Amino acid sequence: MDIDVNKVAMLARIRLTDDEAAELGPQLSGILGYIETLSEVDTEGVAATAHPHDAAMPLRANVVTNTNRRDELQASAPQTESGLYVVPKVIE
Amino acid sequence: MPFSSLSEIKSRLDAGETSAVEVAQLYLGRIAAHNGSLNAFVHIDPAHVLAQAEASDRYRSEHDAPRPLEGLPIAVKDIFCTQDGPTRCCSRILEDFHAPYDAQVITHLKEAGAVLVGKTNMDEFAMGSSTETSAFGPCRNPWDIETIPGGSSGGSAAAVAAALTPAALGTDTGGSIRQPASLTGITGLKPTYGRVSRRGIIAFASSLDQAGAMTRTVKDTAMVTAAISGHDSGDATSVESAPVVDWLGACDVTDMKGLRIGRPKEYFIEGMDAGVRASVEAALEKCRELGAEIIDISLPHTKYAVAAYYVIAPSEASANLSRYDSVRFGHRCDNPEDLLDMYTRSRDEGFGSEVKRRILTGAFALSSGYYDAYYLKAQQVRTLIQQDFIKAFEQVDLIATPTSPITAFKLGEKTDDPLTMYLSDIYTIAVNLAGLPGLSQPCGFVDGMPVGLQWIAPAWREESVLSAASAYEAATEWHSRVPAAFGSDGGES
C-alpha cells in the first residue's frame, strides 16, 4: 500500500526529516501489507473486544482525593512562569 | 550468595546470618563490576540503596516479624514511576523527567520491605524485542555479550541472569517479560490482565500492559507477584474481585499427576529453531514422566495474532504518547516558531525511530477511512483469538509452548527490518491479546544460549502455571546454570 507518510506524521504531530520520511514510507507500507493478512479472517458477526475479560468498570465515590502539588508537578515542565505553563504565542 | 534465589537470601536474613546492608553491598559491588559490559542498569544511586537497606535492618530489629520482602534487593524497569531518581522510559523525550509519585507497584514493594536497587534498561517506551532501541544504548545478554538479552525488559532480564540483583520487575505488552526471560535463562510471569495496577507505569498499550516479576526461580516469581498484586482504586482496569490463592503454597508441587497439558500444533511450526524445538519437546516429555497427559490442541487463529497486535498496540500507543506535547513535561525543541512547530519538532527530536514507526502505524490505523479495516477488524480478530483459548481450556488445564522461536540473536542483526523483529514475539503476543497469565522458565540450551518454556493458563489461574513450573523446575537443573563470564567473582557460596 502507498501511504502519504508526511500526512500521517502531521496527524501524529511529528515533523519528519526528509531522510526519515524516505525510510519510514516503505517500512510502513511493509508493516501495513503484513497487517492486511487480517482480511483473510471471516469476522462477520464477531463482536470487537472492548476489554480482555469483559469486566465492568468499577465506580468510586465522587470525592476529591488529590491535593494541590503544583510546584512538584511543574518541576519537570520545560518552561513555567507564575505557576503557569509557557508556550509560544497562539493568537497574534 | 550472588546467584542465590530470593527465597534463599530471605532465609539467611531471617536467620540473622546476614543483613540487608551486606546483601545490598554485595549486589552494588557486582553492579559496579559488571554493568559496564552489560548496560543493564541506566540509573543507580548506591547511597540511596544503602539507606533503604539500613532502614530495613532497623525495621527488622524493632519489629517481631519482618515484612514479606524485608531487605531483599529488587531492580525495576525504567518504565515505573519512582519519586526517587529519574524515570525516563529510556527515551530522550523524558530525559529531564522526575515522577511526582510512585507507581502503585513501587508502593507495594516499599511496603513489603524491599530495597529498590535502581532502574533497568529497556527498549524506548517498551517498544522492541531486543533492548536495542533504548536511548541509553543497547543492553547485552550475559550468556554472550555479542547477543541481545531480548526485550523490552532486557535490562531487568540481564541484571537477574548475571546476578546483579536477585529479582526485578518488568512489564509485558506483547511478551516483554517472557521473551527476555527466555533469552537469558530466567523465570518471568506476566499476570492476568487486571491483576496488577498499571497506575504509575508509563503507558504503552493500555489494554495489554501488565507488570510482573523476573527472578531466578518460580517460587521467587510467586513471592514478588504476590507483593505487587491487588486492586487499586487508582486503576479502573485493576479487577476488584480477582480470586487470590496461596501462590507460595502452589510452588510446593513436585509432580504433574492428572494434569492435562495442551500442545498447540500452530506453535510448533516452520521458522522455529530446531534446537529450540528439541528442547521444548524434551521438556514436554519430562512433564509426561512427571505424570502429565500431553494433548494435541489447536488454536486456529494463532497466525493472525501478530498482525492484530501490530494494529491494536500501535493504535493505543499513538493515543497514549500524544501526551508528550512538551508543555507539561518532556523534551522541548530550541526556539519554536509557533505551537505547531513546538509540538512537531519536539516530538521528532525526542522520540527514537521505532517509537515513531509505531506512533505512525497507529495514527494511520485510526485515521479517517481506515478505522474499520484496521482497528475494528483487529479487535474482532482479537475476540476470535480469545475464543480459541476458551475452547482449548475446555479440554486442557494448561498450555505449554516455546516462549520464543529462536535463542538470542546478535546485536544489530534484526534492526534493519522491523517486521522480522516483530515476528520474534510470535508465541507471546496472543497471551496479551487474551489477557491471560503466562510464565516463561528455562528448559534447555542451544549452543550455550538459553531456551524458554512458556506456560499459559486460563484467566486468574496463576497458581496453575506456578505449580506446573515448580514441578518442572524441581525435576530439572536448567534454572541453576550460571553464565560463565559472571560467575567467577562469586563471593562465599
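First, a word on what this report is: a plain description of the structure on this page. (Residues numbered from 1 in each chain as written. Chains lettered and ligands numbered in written order. Predicted model: local features only at pLDDT ≥ 70, side-chain atom pairs only at ≥ 80, totals over all residues. Heavy atoms only, no water.)

### As for the overall build of chain A
Scanning chain A for helices and strands turns up 3 helices and 2 strands. Tracing chain A from N to C terminus, the helices and strands come up as α-α-α-β-β. In terms of overall size, chain A is more extended than a compact globule, its C-alpha atoms giving a radius of gyration of 23 Å where 92 residues would be expected to give roughly 12 Å. Put simply, chain A shows about 6500 Å² of open surface, and 50% of that area lies on carbon and sulfur atoms. Each charge sign in chain A was given a centre, from 7 positive and 15 negative side chains, and these centres are 17 Å apart. (Helix = DSSP H or I, 4+ residues; strand = E, 2+ residues; numbered from the N terminus. Rg over C-alpha atoms; globule rule 2.2 N^0.38 Å. Areas by Shrake-Rupley, 256 points an atom, 1.4 Å probe, with all protein chains shown as cover. Lys, Arg positive; Asp, Glu negative; His and termini not counted. Charge placed at Lys NZ, Arg CZ, Asp CG, Glu CD.)

### Some words on the interface of chain A and chain B
Contacts between the two partners involve 52 residues from chain A and, on the opposite side, 67 residues from chain B. When residues of chain A are sorted by the area they lose upon contact with chain B, Arg15(A), Tyr34(A) and Leu38(A) head the list and together hold 13% of the total. Where chain A packs against chain B, one counts 3 salt bridges. Linking Lys303(B) and Glu40(A) is a salt bridge whose minimum nitrogen-to-oxygen distance equals 3.9 Å. At the boundary of chain A with chain B, the tally comes to 21 residue pairs in polar contact (both at pLDDT 80 or more). Contributing elements (two or more residues each) for the side of chain A that touches chain B: helix 1 (5-11), helix 2 (18-35) and helix 3 (70-74) of chain A. For the side of chain A that touches chain B, the leading source of residues is helix 2 of chain A, giving 9 residues. Looking at side-chain class alone, the side of chain A that touches chain B contains 32 nonpolar, 11 polar and 9 charged residues. (Contact = heavy atoms within 4.5 Å. Buried area = accessible area lost by both parts, 1.4 Å probe. Salt bridge = Lys/Arg side-chain N within 4 Å of Asp/Glu carboxyl O. Polar contact = N/O pair within 3.5 Å; in protein donor to acceptor, adjacent residues only side chain to side chain. Nonpolar A, V, L, I, M, F, W, Y, C, P; charged D, E, K, R; others polar.)

### A few points about the packing of aromatic side chains
Residue and element names in this part refer to chain B. If you walk through the whole model with that rule in mind, you get 15 aromatic pairs over all chains. With a centroid separation of 5.4 Å and 25° between ring planes, the pair formed by Tyr 267 and Tyr 427 is classed as stacked. Of this pair, Tyr 267 sits in the loop between strand 7 (260-264) and helix 9 (274-289) while Tyr 427 sits in the loop between helix 14 (418-422) and helix 15 (429-433), placing them 160 residues apart in sequence. An aromatic cluster is built from Phe 97, Phe 125, Tyr 324, Phe 329 and Phe 351, whose rings are joined through pairwise contacts. The positively charged end of Arg 67 is found above the aromatic ring belonging to Tyr 59, 3.7 Å away from the centroid. Sitting above the plane of the Phe 409 ring, Lys 414 keeps its charged end 5.1 Å from the centroid. (Phe/Tyr/Trp six-rings, centres within 6.5 Å; stacked < 30°, edge-to-face > 60°. Lys NZ or Arg CZ within 6 Å of the ring centre and 35° of its normal.)

### Some words on the pattern of salt bridges
Tallying each qualifying case throughout the model produces 31 salt bridges over all chains. Here Glu95(B) makes a salt bridge to Arg92(B), at a shortest N to O gap of 3.8 Å. Three or more residues are tied together by salt bridges with common partners; here these are Arg15(A), Asp341(B), Arg345(B) and Glu349(B).

### Let's talk about helix 1 (residues 6-14) of chain B
For helix 1 of chain B, the set of buried residues is Leu6(B), Ser7(B), Ile9(B), Arg12(B) and Leu13(B). Among the structural elements, helix 2 (20-38), helix 3 (46-62), strand 2 (73-77), strand 4 (167-172) and helix 7 (218-228) of chain B are those in contact with the buried residues of helix 1 of chain B. (Buried < 20%, exposed > 50% of the residue type's maximum accessible area, 1.4 Å probe, protein only.)

### Quick look at unusual backbone geometry
It is generally the case that most residues other than glycine have a negative phi and that most peptide bonds are trans. Of the consecutive residues Gly151(B) and Ser152(B), the connecting peptide bond is found in the cis state with omega at 10°. For Ser152(B), the location among the structural elements is in the loop between strand 3 (115-120) and helix 5 (154-161). Backbone geometry at Ser82(A) places phi at a positive 50°, although glycine is not the residue there. Inspection of the secondary structure puts Ser82(A) in the loop between strand 1 (80-81) and strand 2 (84-85). Residue classification places Ser82(A) among the exposed positions, given a relative accessible area of 68%. One non-glycine residue, Phe125(B), lies in the positive phi region at around 55°. Its location among the elements puts Phe125(B) in the loop between strand 3 and helix 5.

### Points about the environment of Leu398(B)
Residues and elements named next belong to chain B. On the secondary structure map, Leu 398 appears in strand 9 (residues 398-402). Given the relative accessible area of 0%, Leu 398 is considered buried. In this structure, the C-alpha to C-alpha distance between Leu 398 and Leu 259, residues 139 residues apart in sequence, is 8.0 Å. Contacts of Leu 398, omitting those with residues within four sequence positions, involve Leu 259, Arg 260, Ile 261, Gly 262, Phe 393, Trp 455, Ile 456, Ala 457, Ser 464, Val 465 and Ala 468.

### Topic: the packing of helix 10 (residues 305-320) of chain B against helix 12 (residues 353-365) of chain B
All names here are of chain B. In contact at an axis separation of 7 Å, helix 10 and helix 12 are set at 100° when each is read in the N-to-C sense. Between helix 10 and helix 12, the interaxial angle falls into the category roughly perpendicular. Residues Tyr 310, Val 311, Pro 314, Ser 315 and Ser 318 of helix 10 pack against Arg 358, Ile 359, Thr 361, Gly 362, Ala 363 and Ala 365 of helix 12. Of the residues belonging to the contact of helix 10 with helix 12, the class tally is 6 nonpolar, 4 polar and 1 charged. (Axes fitted to C-alpha atoms, helices over the stretch in contact; angles between N-to-C directions. Parallel < 35°, antiparallel > 145°, perpendicular 65-115°, else oblique.)

### A word on a negative patch on the surface
Where like charges cluster on the molecular surface, the negative patch consists of Asp18(A), Asp19(A), Glu23(A), Asp416(B) and Asp417(B). Examined against the element boundaries, Glu23(A) turns out to sit in helix 2. (Patch = residues over 30% accessible without salt bridge, like charges linked within 9 Å, V, L, I, M, F, W, Y side chains within 5 Å.)

### Considering the sheet that holds strand 9 of chain B
Residues and elements named next belong to chain B. If you walk across this open sheet you meet the 11 strands as 1-3-2-4-6-5-10-11-9-7-8, and the pairing is mixed. Each of the sheet's edge strands pairs with one partner strand only, and the pair in question is strand 1 (41-43) and strand 8 (293-297). Within this sheet the neighbouring strands show an average axis-to-axis angle of 35°, counted without direction. Here strand 2 runs beside strand 3; their pairing, made up of 4 bridges, is parallel. (Pairing = 2+ DSSP bridges.)

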